Amino acid sequence: MEKKKKVLTFGEIMLRLKTPEHLRIVQADGFEASYGGAEANVSASLAMFEDPVHFVTKLPDNPVGMAALGELRRFGVDTSRVVRGGKRLGIYYFEKGSDIRPTNVVYDREYSAFSMAEAREFDWENLLADVDVFYFSGVTPAVSESVHQAVKNALKVCTERGIEVVCDLNYRSKMWSSERAQQVMGELMKDVTICIANDEDFESSLGIHAFDGDMAHGIDQIDTYKRGMKEIMERYPNCHAVASVLRNMHTVEDGDWMGIYLTGDTFYETPVHTVHSLEAVGAGDAFAGALLHGLVRGFAPQKMIDFAIAGSVMKLMIQHDFNVVNEAEILRIMKSNDTNLQR
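Draft legend 1. Spatial organisation of the overall build of the protein. When helices and strands are tallied, the protein shows eleven helices and 16 strands. For 343 residues, the compact-globule formula gives about 20 Å, and the C-alpha radius of gyration of the protein, at 19 Å, lands near that figure. Along the first, second and third principal axes, the C-alpha set of the protein runs to 50 × 50 × 45 Å. Of all 343 residues assigned to the protein, the portion counted as buried reaches 60%. Taking the intrachain contacts of the protein between residues at least 6 apart in sequence as the baseline, contacts between residues at least 24 apart amount to 70%. By element, 49% of the accessible surface of the protein is carried by carbon and sulfur atoms, the whole surface being about 14,000 Å². With 36 positive and 50 negative side-chain charges, the protein shows a separation of 4 Å between the mean positions of the two kinds.

Draft legend 2. Quick look at the pattern of salt bridges. What the rule picks out here adds up to 20 salt bridges. The salt bridge involving aspartate 130 is made with arginine 81; its shortest N-O contact spans 3.0 Å. In this pair, aspartate 130 sits in the loop between α3 (124-127) and β9 (133-137) while arginine 81 sits in the loop between α2 (63-73) and β6 (83-84), placing the two residues 49 residues apart along the sequence. For aspartate 130, a relative accessible area of 33% gives the class partly exposed. Taking the relative accessible area as the measure of exposure, arginine 81 reaches 18% and is therefore buried. As a salt-bridge pair, glutamate 269 and lysine 226 come within 2.5 Å of each other at their nearest N and O atoms. Taken together, the residues span a long stretch of sequence, with glutamate 269 in strand β14 (residues 266-269) and lysine 226 in helix α8 (residues 222-235) at a distance of 43 residues. Note on lysine 226: relative accessible area 18%, which makes it buried. Each of Lys6, Arg81 and Asp130 takes part in one network of salt bridges that share partners.

Draft legend 3. Examining the packing of helix α5 (residues 145-161) against helix α6 (residues 178-188) more closely. Interhelical geometry of α5 versus α6 gives an angle of 20 degrees and a closest axis separation of 10 Å. Considering the angle they form, α5 stands roughly parallel to α6. Remark: the crossing between α5 and α6 carries right-handed chirality. Here Glu145, His148, Val151, Lys152 and Leu155 of α5 lie close against α6, whose contacting residues are Arg180, Val184, Glu187 and Leu188.

Draft legend 4. Local environment of helix α1 (residues 38-48). Counted residue by residue, α1 has ten buried out of eleven residues, so it is predominantly covered. Where α1 is concerned, the buried positions are Ala38, Glu39, Ala40, Asn41, Val42, Ser43, Ala44, Ser45, Leu46 and Ala47. Looking one or two residues beyond α1, the residue adopting positive phi is glutamate 50, at roughly 65 degrees.

Draft legend 5. Structural context of the sheet that holds strand β7 (residues 91-95). What the four strands build is an open sheet, ordered β3-β2-β7-β8; its pairing is mixed. Of all strands in the sheet, those with a lone pairing partner are β3 (32-36) and β8 (104-108), marking the two edges. Taken pair by pair, the neighbouring strands of this sheet meet at an average axis angle of 25 degrees, ignoring direction. Bridging between β7 and β8 involves five bridges; their strand directions are antiparallel. Residue glutamate 95 lies in a different strand from β8, and its bridge partner there is asparagine 104.

Draft legend 6. Highlighting unusual backbone geometry. With a phi angle near 55 degrees, aspartate 99 is a residue other than glycine that sits in the positive phi range. For aspartate 199, which is not glycine, the phi torsion reads 50 degrees and is therefore positive. By secondary structure assignment, the location of aspartate 199 is in the loop between β11 (194-196) and α7 (201-206).

Draft legend 7. Region of the structure containing the environment of valine 275. With respect to the secondary-structure elements, valine 275 resides in strand β15 (residues 272-276). On the accessibility criterion, valine 275 (5% relative accessible area) is buried. Measuring from C-alpha to C-alpha, the distance between valine 275 and histidine 148 comes to 36 Å, with 127 residues separating the pair along the chain.

Draft legend 8. α6, seen in detail. All of the buried residues along α6 are Ala181, Val184, Met185, Gly186 and Leu188. Where α6 is buried, its residues contact β9, α4 (139-143), α5, β10 (164-168) and α7.

Draft legend 9. Structural view of the packing of aromatic side chains. Taken as a whole, this structure holds 13 aromatic pairs when the rule is applied. Here the aromatic rings of tryptophan 124 and phenylalanine 134 are separated by 5.7 Å at their centres, their planes lie at 85 degrees, and the arrangement is edge-to-face. You can see tryptophan 124 sitting in helix α3 and its partner phenylalanine 134 sitting in strand β9, a full ten residues away along the chain. Neither tryptophan 124 nor phenylalanine 134 differs from the other in exposure class; each is buried. Pairing phenylalanine 299 with phenylalanine 307 gives two aromatic rings, centres 5.6 Å apart and planes at 85 degrees, and the pair type is edge-to-face. By relative accessible area, phenylalanine 299 is classed as buried at 13%.

Reading guide: rules and limits
Residues numbered from 1 in each chain as written. Predicted model: local features only at pLDDT ≥ 70, side-chain atom pairs only at ≥ 80, totals over all residues. Heavy atoms only, no water. Helix = DSSP H or I, 4+ residues; strand = E, 2+ residues; numbered from the N terminus. Rg over C-alpha atoms; globule rule 2.2 N^0.38 Å. Buried < 20%, exposed > 50% of the residue type's maximum accessible area, 1.4 Å probe, protein only. Contact = heavy atoms within 4.5 Å. Areas by Shrake-Rupley, 256 points an atom, 1.4 Å probe, with all protein chains shown as cover. Lys, Arg positive; Asp, Glu negative; His and termini not counted. Charge placed at Lys NZ, Arg CZ, Asp CG, Glu CD. Salt bridge = Lys/Arg side-chain N within 4 Å of Asp/Glu carboxyl O. Axes fitted to C-alpha atoms, helices over the stretch in contact; angles between N-to-C directions. Parallel < 35°, antiparallel > 145°, perpendicular 65-115°, else oblique. Left-handed = near helix turned anticlockwise from the far one by under 90°. Pairing = 2+ DSSP bridges. Phe/Tyr/Trp six-rings, centres within 6.5 Å; stacked < 30°, edge-to-face > 60°.

Coordinates in, geometry out; function isn't part of it.
And the structure:
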């Protein structure tokens, strides 16, 4: 049996506090607690697909930190390389949108154990010793300058060892400006071998125009997306593939979703999925996790992007951050019309 490739993800897991029902944060007198964060979400997806995956972060050595680790472990994520220390776990407050009212997130992650971590605390020579794929998102270097340095250190080791580096640009305007994002991500992209860029990520993270900001007509802009994807590969020669999610959003809950994947000179497009979402959070991470699964299992490009978008839209029907679906469930969606597939 062929040895499965091992993935290591690096980022922050947070306590998620969600308002009940559709209440706004200012109305709530209680919150539902769960855990999530970009790279943690990707790790959970990979574990659900039974892929070997390590999650690396820094967590406080207290019951809240232990609870976050426990949430990852219950799905099969290896947390043995997590650094312990610091005083607090980052928090984000989640307010579910409805119809024309958008979903809202409020971050409380300053002075978290991860944001205060020193770059030297992550011994990448050992952490990456048996790793085939390293994954991070643009959220991680935005957390703090020391974490940004830790990512740079990790990429140096990955490049020296020929480790595949997958990055979801994942721009977050609440964490940094587009000017700072372009400065940092432009440098980090030199070591990235596969890039995921969605919606405003192209321009905000790399200064590449691909999307005009109109979420009601994202799929209609497929030609400019394709030009943007080609420009990424031209600008960063180490990047041999780019993937994107395109959406036409009619309301917060209703929309059309599709994926495109560029490798070499060839684009691969998925059918359009027409969906009504239960909770529009973590779908981008689900896309990344499913794409990584296709990478480590050696899927052909068309199957890889079809699997990735099916995994992403499945997440829209699942509460909390983690996409708790297995490979068989996603393959079944790919072969059916359960999400109103349009060809």
